[in-house]
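Listed below are the residues making up each chain.
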Amino acid sequence: MVVLPGLMLAMVLAMLDNMIVGTAMPRIVGELGGLTHLSWVVTAYVLGTTVSTPIWGKIGDLYGRKTIFIISIVIFMVGSALCGMAGSSLLGGADGGMAELIAFRAIQGLGAGGLIVNVMAIIGDLVPPRERGQYQGIMAGVMSLAMIAGPLVGGFITDHLDWRWAFYVNLPIGAIALAMIVTQLHLPKLRHAGGTVRIDWAGAGLLSVGITALVLITTWGGNEYAWGSWQILTLVAIAAVTLALFVAVERKVVEPIMPLQLFANRNFTLISIIGFLLGFAMFGAINFLPLFQQMVQGSTATNSGLLMLPMMGAAMVVSLFVGKAITVTGKYKIYPVLGGIGMAVGMWLLSTMDVHTSSWVTGIYIAVLGLGMGFLMQTTMLIAQNSVEQKDLGVSSSATTFFRSIGGSFGVSLFGAIFNNHLLSELTSRFGEQAAERVAKSGGRMDPSAVAQMPAQMRTGLVESLATSISGVFWWAILFAVVVPVLAAFVKEIPLRGGAPAPAEDEQAVSPAAG
């Protein structure tokens, strides 16, 4: 498949960006100010990505994947260029630079939402399911490599270049990917029996509002506002009402953004739930691994990134093996079961960590977690795609990505609340209520160097409290992880379609009258 390098570069764009930007954030804040709005740089990107993911998948099904993919790459590149110019003299100087960056990150997120979804859907268009596993395994490997390389590239840019290159680096990569897609991607022609395509604008709007409310609930709940505050309760009400209306609309429109009849398919529903739990347990829990490595084990930020290599390396190797094995045997049901078991075992091992756990032991534990991830990462996408008709390929791809993303958002929020409550309890038992509250409030702004300068008794108490609290998070993650293999056992192994894909021609979407 000659277009594979272009698809791989687009995947790198989507996965690399957040890793690089996260490393550069201290420099960005140092120049633009706006420390109190720092979280919005991430939230704006997550909102843009999550809201747009289901919509990109559907309009790709309607209008043709190539055109929509090109548009998403262009939007991402424009957003990257604007982010790099935020607070510059071209846009009026540093005053208001943080607000500009937040707005431009939302634009960048809108483009990013179409990258991963369209890559997977295009592979689905070009490659029959029987052979698809090995290509999706390659993509999973690329994702793992990007997650490993991101902090290293970000560190180099931060140390040796201007922080703006954390965004500008996307432009040459995006340009090469765009050139390859334009010249080498040839998809089967798109046909629509009705001749006219109508976009479900009402459904898209309601879903966007509902998703935005959900993301804000998970971002603000327990952090910016108390869970019982009127702000969070209002968001809960908005999410409930808009999503209920969304379901009602989807039942009536001709081309729904997310066809509800897909959930009548057992495999599609199971994989959607598994994706949610995978994101919930995996992203929610491993978010605390760097904190353990830096605050408890004393690793630097750079070394902490390198210490994640066992997990990503294991995930990459297993993904490649599983992809090839599926292509050879045509069997896939066992892999999500093994993945769920591996993930649960990895979480259990991580829950046993304490202040005496060495870095190499942690490396073994997260490698086990990586093995579980490798069995699951792309197998779930393959099962979802194989469960629907070709015309719904984009929707199935976007739904899988969407539920995993939403699960991650809820996981980070819930496990964050569990961690905070557990930490406060541990500190209270060691230092008393008033001292514990002071330490807990400052703990979010501590770094290993600050902890090292504490009096020995306080330092020991804080580190032990952190270790116990983080281990508690992994204990909770086990409860969600063990459900994955149970659900996966009920997946029906539908034979993978084989044979050559349809003749490749430049796709020509029907010129629809949107309405």
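Residues numbered from 1 in each chain as written. Predicted model: local features only at pLDDT ≥ 70, side-chain atom pairs only at ≥ 80, totals over all residues. Heavy atoms only, no water.

Side note on the overall build of the chain
Heads up, the rule is: Helix and strand labels come from DSSP, where a helix needs a run of H or I of at least four residues and a strand needs a run of E of at least two; each type is numbered from the N terminus. A 1.4 Å probe rolled over the protein chains alone gives each residue an accessible area, and that area as a share of the maximum for its type sets the label: buried under 20%, exposed over 50%, partly exposed in between. We call two residues contacting when some pair of their heavy atoms lies within 4.5 Å. Here the Shrake-Rupley method, with its probe set to 1.4 Å, supplies the accessible areas, and only the displayed protein chains count as covering residues.
If you tally the helices and strands in the chain, you get 21 helices and 0 strands. Per-residue burial for the chain yields a buried fraction of 54% across its 515 residues. Within the chain, contacts between residues at least 6 apart in sequence are counted, and of these 85% link residues at least 24 apart. Summed over its atoms, the accessible surface of the chain is roughly 20,900 Å², and 67% of this surface lies on carbon and sulfur atoms.

Details of the confidence of the model for the chain
Stated formally: A residue's pLDDT is simply how confident the predictor is in it, with values from 0 to 100.
When pLDDT is averaged across the chain, the result is 80; 85% of the residues are at 70 or more. The weakest mean pLDDT in the chain belongs to helix α18 (residues 433-443) at 61; the strongest belongs to helix α21 (residues 483-488) at 93. Per-residue pLDDT stays below 50 along residues 499-515; that stretch engages in 44 contacts with residues further than four places along the chain or on separate chains.

Notes on the packing of aromatic side chains
What counts here: Pairing of aromatic rings covers Phe, Tyr and the six-membered ring of Trp, with a centre-to-centre limit of 6.5 Å; geometry is then stacked below 30 degrees between planes, edge-to-face above 60, and tilted otherwise.
Counting across every chain of the model gives 10 aromatic pairs. Taken together, a centroid distance of 5.6 Å and an interplanar angle of 80° make the contact between W165 and Y168 edge-to-face. Of this pair, W165 and Y168 both sit in helix α6 (residues 165-168), 3 residues apart, which is roughly one turn of the helix. Ring centres of W220 and Y225 lie 5.5 Å apart, and the angle between their planes is 80°; on these two criteria the pair is classed as edge-to-face. The exposure class of W220 is buried, given its relative accessible area of 17%. Y225 gets classed as partly exposed once you look at its relative accessible area, which sits at 30%. An aromatic cluster of three or more residues is present, and its members are F263, F268, F402 and F403.

Examining a nonpolar patch on the surface
As a reminder of what qualifies: Excluding any residue in a salt bridge, patches collect residues exceeding 30% relative accessible area, merging like charges within 9 Å and nonpolar Val, Leu, Ile, Met, Phe, Trp and Tyr side chains within 5 Å. Should a side-chain nitrogen of Lys or Arg be within 4 Å of a carboxyl oxygen of Asp or Glu, the pair is scored as a salt bridge.
Where nonpolar side chains cluster on the molecular surface, the patch consists of I341, V345, W348 and W475 and spans about 400 Å² of accessible area. The dominant element in the nonpolar patch, judged by the number of residues it contributes, is helix α14 (residues 334-351), at 3 residues. Of note, W475 is situated in helix α20 (residues 456-481).

Remarks on empty space enclosed by the protein
Applicable threshold: In this analysis a 1.4 Å probe is tested at points of a 1 Å grid over the protein atoms alone, and where it fits but cannot get out there is a cavity; an open set with protein on both sides within 12 Å along at least five of seven lines is a pocket; lining residues have an atom within 4 Å of a point. Grid points are joined across faces, edges and corners, and a volume is the space filled by probe spheres set on the points. All amino acids are sorted into three groups, where Ala, Val, Leu, Ile, Met, Phe, Trp, Tyr, Cys and Pro are nonpolar, Asp, Glu, Lys and Arg are charged, and the leftover types, Gly among them, are polar.
All told, the structure shown has 2 cavities of 30 Å³ or more when counted by the stated rule. A volume near 30 Å³ is recorded for the second largest cavity. What lines the second largest cavity is Q293, Q297, L307, S359, T362, G363 and I366. The class makeup of the residues in the lining of the second largest cavity is 2 nonpolar, 5 polar and no charged.

Some thoughts on the environment of I326
Its location among the elements puts I326 in helix α13 (residues 309-329). Spatially, the C-alpha atom of I326 lies 7.4 Å from that of Q134, the residues being 192 residues apart in sequence. For I326, the residues in contact, after removing those within four places along its chain, are R130, K331, Y332, Y335, T379, L382 and L496.

What about the pattern of salt bridges?
By the definition in use, this model includes 2 salt bridges. Here E255 makes a salt bridge to K58, at a shortest N to O gap of 3.0 Å. Placement of E255 in the loop between α9 (230-250) and α10 (266-286) and of K58 in helix α2 (residues 38-63) is noted, with a sequence separation of 197 residues between them. Classification of K58 as buried rests on a relative accessible area of 3%. With its nearest N and O atoms 2.6 Å apart, the salt bridge here joins D61 to R65. Residue R65 is classed as buried on the basis of its relative accessible area, which comes to 5%.

Regarding the environment of I199
Mapping I199 onto the fold places it in the loop between α7 (170-184) and α8 (201-220). Through-space distance from the C-alpha of I199 to that of I55 is 9.9 Å; in sequence the pair is 144 residues apart.

As for the nonpolar core
The cut-off we apply is this: Residues grouped as a nonpolar core are buried Ala, Val, Leu, Ile, Met, Phe, Trp, Tyr and Cys residues, joined through side-chain atoms within 4.5 Å.
If you look at the biggest cluster of nonpolar residues, it comprises 116 residues, and the most contacted ones within it are L7, M11, F69, L101, M343 and M347. Considering every element that reaches this core, the biggest residue donor is helix α1 (residues 4-32), with 13 residues. In terms of nonpolar packing, the next biggest core, distinct from the first, is built from 34 residues, I68, L207, W220 and I406 among them.

Thoughts on the packing of α14 against helix α15 (residues 359-376)
This is how the line gets drawn: Working convention: axes come from line fits to C-alpha atoms, limited for helices to the stretch in contact. Angles between N-to-C directions cover 0 to 180 degrees. Oblique is the label for every angle not falling under 35 degrees (roughly parallel), over 145 degrees (roughly antiparallel), or within 65 to 115 degrees (roughly perpendicular). Each crossing gets its handedness from the near helix: less than a right angle anticlockwise from the far helix is left-handed, clockwise is right-handed.
Relative orientation of the contacting elements α14 and α15 amounts to 160°, with a least axis distance of 7 Å. Looking at the two axes, α14 sits roughly antiparallel to α15. Of the two possible hands of crossing, α14 and α15 adopt the one that is left-handed. For the pair α14 and α15, the contacting residues are Y335, P336, L338, G339, G340, G342, M343, V345, G346, M347, L349 and L350 in the first and Y365, I366, V368, L369, G372, F375 and L376 in the second. Residues of the contact of α14 with α15, tallied by class, amount to 14 nonpolar, 5 polar and no charged.

Some remarks on the packing of α13 against α15
Angle between the axes and distance between the axes: these two values describe a pair of packed helices. Contact pair α13 / α15: the axes reach a minimum separation of 7 Å and the direction vectors enclose 30°. Between α13 and α15, the angle is such that the two are roughly parallel. As α13 packs across α15, the resulting crossing turns out to be right-handed. Residues P310, M311, A314, A315, V318, S319 and V322 of α13 form the contact with α15, whose own contacting residues are G363, I366, A367, L369, G370, L371, M373, G374 and F375.

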